[in-house]
Amino acid sequence: MTEAIATDKSKKKNPLHWLDENFESIFLVAGMLAIIFLITWQVAYRYIITKFTSGASTMIAAAPEEIARYIFVWISYLAVPVAIKRRDLIRVDILYDKLPKRLQDMSWIIVDAAMLIWAGVITLEGITQIQKFMMFNSSTAVLHMPFWLLYTILPIAFGLCILRTAQDVYKQIRSCGLKDSAIAIIVGIVLCLPIILKIQLPTIVLLFGYFVILLALGVPISMSLGISSIFTIWINEPINISYVAQLSFASIDKTAIMCIPFFVASGDLMGIGGLSRRLFSMADEFLGSAYGGLALATVATCVLFGAMSGSGPATVAAIGALCVPAMVDRGYDQKFSAAIVASAGAIGVLIPPSNPFVVYAISANVSVGKLFMAGIVPGLLVAGVLMAYSYWLARKEGWKGEERPRNAKTKLHAVWESKWALMVPIIILGGIYGGFMTPTEAAAVAAFYGLIVGIFIHKEITIKNLLPAMVGSAATSSMIIVLMAMAQIFGSIMSIERIPTMVANAILSLTTSKILVLILINILLLIVGTFMEALAAIIILVPLLLPIVTQLGVDPIHFGVVMVLNLAIGFITPPVGVNLFVASGIAKLKLADIAKAAMPMLGLMIVVLLVVTYFTPLSMLLPTFVK
């Protein structure tokens, strides 16, 4: 035991070991801070610096965005090997969780083998793309950076993925033993037989067949999309294999997508910078005296924090750590305390900004600003029913509010203490709807603002908590970005094979009733939400479902709200209810106990879903005010 501890300490002191553990993280921290500063500089230059200079330079105005865009692509892919090393990837674990420990360990060898194929193909095709760009000497529009240099991220990042996966395979083989490892490899070869023997199958069978098999095996969703696409290309050649590398880069080389890491970083910075704690104190001051006052304050705080982070799990993590212990201390049932935080966290993806709305807007080619506005009323409705339930249950259980002096002076003081936090929604929404900033610029400025407030005003952000927060922000957003890139490849094959049209025609041949089709889609999305992460579901299902509803006259903005609300409900439905997992970790309770306590809240949210689905003004009134 003593020798093991000594060995561990020597590893930590070894510079090579430190570099192995932190190599990618160095670039992720630098990259995240760089893109925040560059886009904030772009906004400052446009509105402030040009006021004191003779005129705006096109080069100075456009260069920061171009540099930031390519740094964003680089850190998005450099975060993947970090996620592989930590085994922190979005995957479907339903089958895996039911397996005995021995089979779980064996399954990881198959997963690693799949990831090696995925990373290996993109590495090789990335090198091919670099050679093509060097031949034609093409460059970017503003700074004339050579494209071959920018595309080197593909062999670098995916080469690191191969390295990190190989390290994991080595550890797993040592854990499983040679016999079980050999069995796992044989199973993997059997699964690949149609590819090895080049058995001709319909594209839809290959594409979705391998996708479902890989998901069931526990292969991360983004990689399942990529590998099933690669296998389909190898057999049926619907597109050239070179498009895998080309789309991997080009599909995320978009300014609009950059708002995702900015919103994630903004939420993380608000948490470590103390802003979320001040919001909770303010909500408690206003609502804490009522029956269930602390639960009401929790829901209200989730609404306010959701207007900063755009993420359901991030909202639960930031607010739950404050609210659950406070509610338990004041006599609330612990299971209810965790359930109300998990349920209210779902509001984080309905109140703007919202990462799922951004992903839907890009997938459906609709306005992000209109989607943000469309989510406000449904988000407030969910908050309203959760608060009403909390008040009713508190009266029934006798959970009285805290008795202490509360008056205009104490409430004004609470608002004053929260003033810096309350500025964030104003910056984001005011900047977007005032026409001053794009969603990406508003998100970057909000993240920069949170950084400045946390460091210089509240003085709660330090190097010690900033660095892991930036790595976490990059890793979290990277999982979304890579998912989008792989879905673009998957979607290109679907489009060429006209699969969305086939699905739409098949469903509409059964019924053309808008009411019935929307019921069926709601049921499908509620089921999907129980086992698949929301962003993955949006990316995969929008190309299939949007053509159906648009043929029936459903506005894509309205359908976006319905879809996100459905999947937000999935945050609190086991077995893959992400909010339940986060709340479980905070409250130290079993997932089943929290899920049971959340059932009435789940029912109320489904009622809101039905109302929003069939009463379109709830989602469509506010977007009419957006140009």
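Residues numbered from 1 in each chain as written. Predicted model: local features only at pLDDT ≥ 70, side-chain atom pairs only at ≥ 80, totals over all residues. Heavy atoms only, no water.

Student: Break down the side chain of Ser390 for me, with residues and values.
Tutor: Position of Ser390 among the secondary structure elements: in helix α19 (residues 368-397). Within the local environment of Ser390, its side chain forms a polar contact with the backbone oxygen of Leu386, the two atoms lying 2.8 Å apart. When residues no more than four places from it in sequence are discounted, the contact partners of Ser390 are Ala295, Leu296, Phe336 and Ile340. (Helix = DSSP H or I, 4+ residues; strand = E, 2+ residues; numbered from the N terminus. Polar contact = N/O pair within 3.5 Å; in protein donor to acceptor, adjacent residues only side chain to side chain. Contact = heavy atoms within 4.5 Å.)

Student: Which residues make up the packing of aromatic side chains, and what values do they have?
Tutor: Applying the stated rule across the entire model yields 20 aromatic pairs. The interplanar angle of 35° and the centroid separation of 6.0 Å between the aromatic rings of Tyr389 and Trp392 together place this pair among those described as tilted. Separated by three residues within a single helix, Tyr389 and Trp392 lie in helix α19, roughly one turn from each other. Looking at Tyr389, the relative accessible area reads 14%, which means it is buried. Counting every residue linked through ring pairs, the aromatic cluster contains Tyr70, Phe133, Phe147, Tyr151 and Phe249. Above the face of the Trp416 ring, Lys419 is positioned so that its terminal group lies 4.0 Å from the ring centre. (Phe/Tyr/Trp six-rings, centres within 6.5 Å; stacked < 30°, edge-to-face > 60°. Buried < 20%, exposed > 50% of the residue type's maximum accessible area, 1.4 Å probe, protein only. Lys NZ or Arg CZ within 6 Å of the ring centre and 35° of its normal.)

Student: Talk me through the nonpolar core; I want residue IDs and the actual numbers.
Tutor: Counting 213 residues, the largest nonpolar core has Tyr77, Trp118 and Ile221 as its most contacted members. Among the elements that make up this core, the one with the highest residue count is helix α23 (residues 463-496) (17 residues). Sequence-distant contacts of Trp118, defined by excluding residues within four places in its chain, comprise Val80, Phe158, Met223, Gly226, Ile227, Ile230, Val482 and Met486. If you look at the next biggest cluster of nonpolar residues, it comprises five residues, including Met106, Ile109, Cys176 and Ala184. (Core = buried A, V, L, I, M, F, W, Y, C linked by side-chain atoms within 4.5 Å.)

Student: Lay out unusual backbone geometry with the relevant residues and their values.
Tutor: Cis peptide bonds are those with omega within 30 degrees of zero, and the linkage from Pro352 to Pro353 qualifies with 0°. The residue Pro353 is located in the loop between α17 (334-345) and α18 (355-364) in this model. The residue Lys459 is not glycine, and still its phi comes out positive at about 55°. Tracing the backbone shows Lys459 in the loop between α22 (439-457) and α23. Lys459 sits in the exposed class, given a relative accessible area of 62%. Here Arg498, not a glycine, exhibits a phi torsion of approximately 60°, which is positive. Relative to the helices and strands, Arg498 resides in the loop between α23 and α24 (499-510). A relative accessible area of 51% places Arg498 in the exposed class.

Student: If you had to explain empty space enclosed by the protein to someone new, which residues and values would you point to?
Tutor: This model, assessed by the stated rule, comprises two cavities of 30 Å³ or more. Of the voids in this model, the largest cavity is the one considered here, and its volume is about 100 Å³. Together, 14 residues line the largest cavity, and Leu89, Ser222, Ser478, Met479 and Val482 are the ones closest to its centre. Counting only elements with at least two residues in the lining of the largest cavity, the list comes to α3 (58-86), α11 (221-236) and α23. By residue number, the principal contributor to the lining of the largest cavity is α23, which donates five residues. Tallied by class, the residues present in the lining of the largest cavity amount to twelve nonpolar, two polar and no charged. Along its surface, the second largest cavity is lined by Met32, Phe72, Ile75, Ser76, Pro261, Ala474 and Ser477. Of all the secondary-structure elements, those providing two or more residues to the lining of the second largest cavity are α3 and α23. By residue number, the principal contributor to the lining of the second largest cavity is α3, which donates three residues. (1 Å grid on protein atoms, 1.4 Å probe; cavity = no way out; pocket = protein on both sides within 12 Å on 5 of 7 lines; lining within 4 Å. Points joined across faces, edges and corners; volume = space filled by probe spheres on them. Nonpolar A, V, L, I, M, F, W, Y, C, P; charged D, E, K, R; others polar.)

Everything listed is a geometric property; what it means functionally is a separate question.
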